[in-house]
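# Overview (structure and organization)
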Amino acid sequence: METVEMNSVSLKRPRSEDDVASADEIKRQKILENSKAENDSGQSIETVTEQPEDTKSEIIPNEENEEQEEEELEDSDEDGDPESFADMMKHGLTESDVGITKFVSSHKGFSGILKERYSDFVVHEIGKDGRVSHLDDFSVPVDDEDPSEETFTVLSDEDKQRLEELQLFKNKETSVAIEVVEDTKEKRTIIHQAVKSLFPGLETKTEDRDGKKYIIAYHAAGKKALAKVRTATDPRKHSWPKSRGSYCHFVLYKENKDTMDAINVLSKFLRVKPNIFSYMGTKDKRAITVQEIAVLRITAQRLAHLNKCLMNFKLGNFSYKNHPLKLGELQGNHFTVVLRNITGTDEQIEQAMHSLREIGFINYYGMQRFGTTAVPTYQIGRAILQNNWNEVMDLILKPRPGAEKGYLVKCREEWAKTKDPAAALKKLPVKRCVEGQLLRGLLKYGMKNIISAFGIIPRNNRLMYIHSYQSYVWNNMVSKRIEEYGLRAVPGDLILKGATAVHIEEGDVDNYTIHDVVMPLPGFDVIYPKHKIGEAYKEMLVADNLDINNMRHKIRDYSLSGAYRKIIIRPQNVNWEVVAYDDPKIPLFTTDLDKLEGKPLPVLPTDGKFRALKMEFSLPPSTYATMAIREVLKMDTSIKNQTQLNTTWLR
């Protein structure tokens, strides 16, 4: 097997303007050129332009999991006019900016549009038992202790609003009176049940007022009672049957919405805190995704009732169990992807897909790992590791070219002009973004205590930056490893025996293939290859003013122990089909929801104006579907490049 250079890409990419990463690129190229000179291999690198947990294991949380880090806070991407977005993305990153430069297959590349519609990208979670999650059942488990269906409809919207305000102490009222219009004992019982079930923390009693019956809702024991019943460990303790599992597991089907957004919406409707939900991994926003969720002491009946009012997602396949879900417990994800408007011949496509199935693809960290704006996340991570806190503050808050919401632009301009956290914060209507959190921290701790100010940002978001830097180093080093030694195991490479990495010795090299080889993410608890790439790691970190032999940080959270990651991944369950179509708005396959609703298969012309490649494959945790697709197309998968191909990217 031989590696191939990027000159087989069928679509040339325009050079980036105002490339903020140019200094990093120069450093990287120097390292690669120095090592190349030593090797004198005659090969060249053409600069063409999807969380590792810090644990020593080949399996690091999945592409979908790690996005949790980036979505704890508000998204800062622009959702505006596609044309203006495409124009602004001239300042975004391309693949070569983050070390993604190599391919493993020999076929000629061709063009295609990825995610022209969000419904062209479907993800089904694979649980730890190997079962693929599907939404195929809306029925609710029968439980004699569930409240009646009338419980959910007996209260008017106005009653619910008043009760919620009472529950959350949003007004000065100490109680809410609900008139019983059709006064029967059964009707009063249903209202009592509805209030207690839908508004934990409230108690009820019946009163006669002017000859009419009223249900009076009130707080049983003030704010402490509310706080108690709304925690993750003790919600609605008074009303949950002992015979029923404490967790309701269900399948969440969502469209064009990320996992955390979906959970926040569910929390709002259910009037509970998001932390009573658990899941194995977060999923893409711009996709249709199907995954398992568990929630503590919320009935399947209440969850199923939400299907009547939710937009863009559905809940089903309910069951009660005694355990929550844990991040990373999944086996992986199964992807169904449509690449539209492809230009490749049938022969090219067959070659590309056979190569993907038999050889695989380079296990690069995908572009979403590094952010979409002109300040890549790895630059902030590098500044943290350098203990350069003024640089961290500057990179997060300074004005930047490219795609951002208007209020963020104004906030950055105010910061550059005044360096006043209070003034800049006033420009932000949304305070939960990273910029808002940092400004609040600076306001609280002062400009001379940036470390504490930065610490206000949620831990996952802070760690995202240094993990991004690790990924940046890993991508660059893997490209160099493949250039130097190709697609074969060589003495000095690393392989895993259990969770322990060992070097391949000269006499054992024939016992291993490239599919066994791992490369380290830099850290204090990993070893490095015993060939030129080991030195290249050191050189790259020296160029970034870091010491590879001292990856411990004075702040423990930012110490990197490192991890290992396979350099080549071979997808499982690979299937593909080329289909013709005329209308780009017509879906090319049926989803779980389509099947439940009885929608027929799309009727496609045999000789349409356009061709699409419909592909399916399964990937293990920590791998990026976009990198598999990149290997098929031989094309840059960055948003910057894709928006130039398709200005309806954000449609």
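Only a predicted model underlies this, so the values are computations on that prediction, with no experimental measurement involved.

### Structural notes on the pairing of strand E2 (residues 121-126)
Within E2, six of the six residues are buried, which leaves the element mostly enclosed by the surrounding structure. A two-sided burial pattern is seen for E2, the buried positions comprising Phe121, Val123 and Glu125 on one face and Val122, His124 and Ile126 on the other. Summarising the sheet, E2 and strand E10 (residues 332-340) pair through six bridges and their orientation is antiparallel. Counted as the bridge partner of Phe121 is Val337 from E10. Sheet topology places E2 next to strand E8 (residues 288-296); three bridges connect them, and they run parallel.

### Side note on unusual backbone geometry
A positive phi angle, near 50°, is found at Asp210, a position not held by glycine. Positive phi is not limited to glycine here, since Asn256 has a value of about 55°. Mapped onto the elements of the fold, Asn256 is located in the loop between strand E6 (247-255) and helix H7 (259-270).

### Points about the sheet that holds strand E5 (residues 212-219)
Spatially, E3-E5-E4 is the arrangement adopted by the three strands of the open sheet, whose pairing is antiparallel. Lying at the two open borders of the sheet, with one neighbouring strand each, are strand E3 (175-179) and strand E4 (202-209). Averaged over all pairs of adjacent strands, the angle between their axes in this sheet comes to 30°, without regard to strand direction. As defined by bridge partners, E4 adjoins E5 across eight bridges and the pair is classed as antiparallel. Considered in E5, the bridge of Thr206 is made with Ile215. Seen against the sheet, helix H4 (residues 157-167) touches E3, E4 and E5 and runs at an angle of roughly 160° to E3. Here helix H5 (residues 185-198) sits on the sheet in contact with E3, E4 and E5, set at roughly 145° to E4.

Definitions and cut-offs
Residues numbered from 1 in each chain as written. Predicted model: local features only at pLDDT ≥ 70, side-chain atom pairs only at ≥ 80, totals over all residues. Heavy atoms only, no water. Buried < 20%, exposed > 50% of the residue type's maximum accessible area, 1.4 Å probe, protein only. Helix = DSSP H or I, 4+ residues; strand = E, 2+ residues; numbered from the N terminus. Pairing = 2+ DSSP bridges. Axes fitted to C-alpha atoms, helices over the stretch in contact; angles between N-to-C directions. Contact = heavy atoms within 4.5 Å.

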